[in-house]
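A look at the structure
Below, each chain spelled out in residue letters.
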Amino acid sequence: MSTDTAIESQLPLTEATFFILLSLAPGPRHGYAIMKDVKSLSQERVVLSTGTLYSALKRMLEQDWIRRSNLAEKKTNGRVRKAYTLTGLGQAILQAEVQRLEGLVSAAQPRMLRDAA
Amino acid sequence: MNDNWLTWLYKALLSLYPAGFRAEFSDEMGEVFSQIAEDARSRSRFALVEVVLAELRDLPASILHARRQARRSLRAAADSLHRMAPVELSWQELLATLAVFLLPAAALLLHRTPREAGAAGLDAADIPTAALFLIAMLVVGLLRRLPLRSLPYLGVMLVISAYLFLFQWVADLVSPSLISNFAPGAWDRSTYLLLKVISTGMLWLTLFCLTLLVIALLALYNRFQPLCWSIRHDWSLLSFILHGEAVFALLLLVEHHRYERPFAIASLLWLAAGAWFYLRSPQRWKRAIALLGGLALGAWAVASGVAFGAGESLFLSSATALNISGQSTLAELWTEAGRILVIPIWILLVLLLPAWYSRLTALSRVFRNRGV
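None of these values were measured; they are calculated from a predicted model. Every chain is numbered on its own, with residues counted from 1 as its sequence reads. The naming scheme follows written order: chains are lettered A onward, ligands numbered 1 onward. It should be noted that, the model being predicted, local features are given only for residues of pLDDT at least 70 and side-chain atom pairs only at 80 or more, the latter also being counted only at that level, while totals for whole chains, interfaces and linings use all residues. To get the side-chain values, all heavy atoms of the structure are used, and hydrogens and water are removed first.

Counting from the N terminus, the helices are the DSSP runs of H or I reaching at least four residues and the strands are the DSSP runs of E reaching at least two. Along chain A, the regular secondary structure elements total five helices and three strands. Start at the N end of chain A and walk to the C end: the helices and strands fall as α-α-β-α-α-β-β-α. Buried residues are those whose accessible area, probed at 1.4 Å on protein chains only, stays under 20% of the maximum for their type, while exposed residues exceed 50% and partly exposed ones sit between those limits. Expressed as a percentage of the 117 residues in chain A, the buried residues total 39%. In what follows, residue pairs with any heavy atoms lying within 4.5 Å of each other are defined as contacts. Within chain A, residue pairs in contact and separated by at least 24 positions form 54% of the contacts whose partners lie at least 6 positions apart. Accessible surface is estimated by sampling points in the Shrake-Rupley manner with a 1.4 Å probe; for residues, cover comes only from the protein chains shown. Looking at chain A as shown, the accessible area adds up to about 6900 Å², and 52% of this sits on carbon and sulfur atoms.

As structure tokens, then:
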């Protein structure tokens, strides 16, 4: 199986997975920051609970879409805070999903504009 | 509402996640929940209640999902384990596995003089040492999640426990007068043999069910789930446990005879050979043949020994103690040989049960896929 086919076999992503990957696109983030960012990116449509977030993170770690970032580990109240960052594969999957969504939108737009006209 | 108390409750609920997930994420999740609760509380009490309810609503689904994932990972691990064939054991591990067959043989070999025999034909002085050795090996096996080499030990301990507790308890339930009647003199020989076939079959099928029950109980503990998945994947592992149970059963046959120690030693060596070929064989059918071959030859050796001992004692005492004719003596010998053969035949049948079950489920899958 080629890399492109392997990536396409993972699509479409669920909304929660898509927003988590999108949240990690600019750089490493810790769990709570991801939750807040997903809520803001989705305009409060997708509100992740802690359990849902960490189940998704575990699956993505296993699939090598993300990794725990060593550099971004910070300490708050004496406790270690771990951060997550996109891997090359994760970035490729996010890019492929964005392209897929763009394709959908570009297919829909002429029809929608014509109907509106 | 107190945030600390809520965080403590949430962390307690996190213990419902599988162990691997907990070890990896529970600290982080507790920390994140604490932050969410703190943020919500700073807004309003209502926001806090809303956040807590949302978390509690999603938690069961998330726990079930994590548990399902953990089971899938275990199954995948078990599958990959069985793709590694033949089983690679170091010579120390091989020796440790075969010790359950070889050490009783060595004990029988060392005590050549016909002294007072204890249970299972071993010298009475050897019994505590043997018990300590078996318990130690089983405990080590349990601590290491019951690897392949521990399975015969599990079998031996199961059959001994069943013999000491379960069968004795069942025997106490049965009327003593019936037991006293259950002897060749009280019944005609064919009825006696038929009853022997039924009672031995009941005993071995009970032992088989007991083995399944123990495995089902072990499956409740996460640490033994790889073993249980392995057994579901490879039925010959169950037969290997039963192969260990055969050691004690065959030794019990020689308990009351002192003439057949060489035969008993040969029997144990055949069982060890079967186990050795089992551990070295890559395919399941070869493993099954190794166990069946070892057991069949072992049973043949014991049966020959017991028939030899019984024949000798019957012929020697025919004119005096038994006061029976030569023809009856021969009939007694046949009855004794039949009684002896019943046990290994039942062990062989029970040893094959997992294979039959596996074949039946495979057939049912084929029929289901064809829409029959």
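Now that the structure is up, let's keep going.
Turning our eyes to something else, we now look at the side chain of B:Arg149. All names here are of chain B. In this structure, arginine 149 sits in the loop between α5 (126–143) and α6 (151–173). Take arginine 149: its relative accessible area is 18%, and that puts it in the buried class. Think of a polar contact as two N or O atoms within 3.5 Å of one another; within protein, one of them needs to be a possible hydrogen donor and the other a possible acceptor, and neighboring residues in sequence only count if both atoms come from side chains. Among the polar contacts listed, one links the side chain of arginine 149 to the side chain of glutamate 93, at a separation of 3.1 Å.

Moving on to helix α2 (residues 19–43) of chain B. Residues and elements named next belong to chain B. The span one expects for a helix is its residue count, reduced by one, times 1.5 Å. Here α2 contains 25 residues, and its C-alpha end-to-end distance of 35 Å stays within 8% of the 36 Å for a straight helix at 1.5 Å per residue. Bend at a given residue is defined as the angle between two axes, one fitted to the seven residues that end at that position and one fitted to the seven that begin there. Where α2 bends most, at phenylalanine 25, the angle is about 55 degrees. For α2, the set of buried residues is Phe21, Phe25, Glu28, Met29, Gly30, Glu31, Val32, Phe33, Gln35, Ile36, Ala37 and Ala40.

Below, the discussion takes up the confidence of the model for chain B. Residue and element names in this part refer to chain B. Per residue, pLDDT captures the predictor's confidence, and it can take any value from 0 to 100. With 73% of its residues at a pLDDT of at least 70, chain B reaches an overall mean of 76. Across chain B, element-level confidence peaks in α2 with a mean pLDDT of 89 and bottoms out in helix α7 (residues 176–181) with 54. For the stretch residues 113–120, pLDDT sits under 50, and the model shows 16 contacts to residues farther than four places along the chain or on other chains. Low pLDDT, under 50, characterises residues 315–326; the predicted model gives this stretch 10 contacts beyond four residues in sequence or across chains. Interface confidence for the predicted complex, expressed as ipTM, amounts to 0.86; the pTM equals 0.56.

Take the interface of chain B and chain A next. Each partner contributes residues to the interface: chain B has 20 residues there, and chain A has 19 residues. Note: buried area is the sum, over both parts, of the accessible area (probe 1.4 Å) each one loses when the two are combined. Sorting the residues of chain B by area buried against chain A places B:Phe25, B:Glu28 and B:Glu31 first, and these three jointly supply 29% of that buried surface. A carboxyl oxygen of Asp or Glu within 4 Å of a side-chain nitrogen of Lys or Arg is what we treat as a salt bridge. Here chain B is connected to chain A by three salt bridges. Secondary-structure elements contributing two or more residues to the side of chain B that touches chain A are α1 (3–14), α2 and α3 (45–83) of chain B. When residues in the side of chain B that touches chain A are grouped by element, the largest group, 11 residues, is from α2(B). Under the scheme applied, nonpolar residues are Ala, Val, Leu, Ile, Met, Phe, Trp, Tyr, Cys and Pro; charged residues are Asp, Glu, Lys and Arg; polar residues are all the others, including Gly. When the residues that make up the side of chain B that touches chain A are grouped by side-chain class, the tally is nine nonpolar, four polar and seven charged.

Okay, the packing of helix α4 (residues 50–62) of chain A against α2(B) next. Between N-to-C directions, angles cover 0 to 180 degrees, with each direction set by a line fitted to C-alpha atoms, over the stretch in contact for helices. Direction vectors running N to C along α4(A) and α2(B) enclose 140 degrees, while the axes themselves pass 10 Å from each other. Considering their axes alone, α4(A) and α2(B) lie oblique with respect to each other. The handedness of the crossing between α4(A) and α2(B) comes out as right-handed. Across from A:Thr50, A:Gly51, A:Tyr54, A:Ser55, A:Lys58 and A:Leu61 in α4(A), the residues of α2(B) making contact are B:Phe21, B:Glu24, B:Phe25, B:Glu28, B:Met29, B:Val32, B:Phe33 and B:Ile36. For this classification, under 35 degrees means roughly parallel, over 145 means roughly antiparallel, 65 to 115 means roughly perpendicular, and everything else is oblique. Helix crossings get a hand from a simple test, with the near helix turned counterclockwise from the far one by less than a right angle marking a left-handed crossing and a clockwise turn marking a right-handed one.

Next up on the list: empty space enclosed by the protein. Grid points spaced at 1 Å over the protein atoms alone were grouped into cavities, where a 1.4 Å probe fits but cannot get out, and pockets, open sets with protein on both sides within 12 Å along at least five of seven lines, with lining residues defined by an atom within 4 Å of a point. Grid points are joined across faces, edges and corners, and a volume is the space filled by probe spheres set on the points. Applying the stated criterion across every chain, the model contains one cavity of 30 Å³ or more. Computed from the structure, the largest cavity encloses a volume of approximately 60 Å³. Counting only elements with at least two residues in the lining of the largest cavity, the list comes to α4 of chain A together with α3 of chain B. Of all the elements, α4(A) adds the most residues to the lining of the largest cavity, at four residues. For the lining of the largest cavity, the class distribution of residues is two nonpolar, three polar and three charged.

What follows is about α4(A). Residues and elements named next belong to chain A. The first and last C-alpha atoms of α4 sit 18 Å apart over 13 residues, in line with the 18 Å expected at 1.5 Å per residue. Inspection of α4 places Thr50, Gly51, Leu53, Tyr54, Ser55, Ala56, Leu57, Lys58 and Met60 among the buried residues, and these make up the whole buried set. A positive phi of about 65 degrees marks aspartate 64, the residue just after α4.

Okay, the pattern of salt bridges next. Residue and element names in this part refer to chain B. Tallying each qualifying case throughout the model produces nine salt bridges over all chains. Linking arginine 149 and glutamate 93 is a salt bridge whose minimum nitrogen-to-oxygen distance equals 3.1 Å. Here arginine 149 is found in the loop between α5 and α6, whereas its partner glutamate 93 is found in helix α4 (residues 91–110), with 56 residues between them in sequence. What makes glutamate 93 partly exposed here is its relative accessible area of 25%.

Residues and elements named next belong to chain B. As a packed pair, α4 and α5 sit with axes 12 Å apart at the nearest point and diverge in direction by 180 degrees. As far as their axial angle goes, α5 and α4 are roughly antiparallel. Contact residues: α4 offers Ala96, Ala99, Val100, Leu103 and Ala107, while α5 offers Asp126, Phe133, Leu134 and Met137. Of the residues assigned to the contact of α4 with α5, the class counts are eight nonpolar, no polar and one charged.

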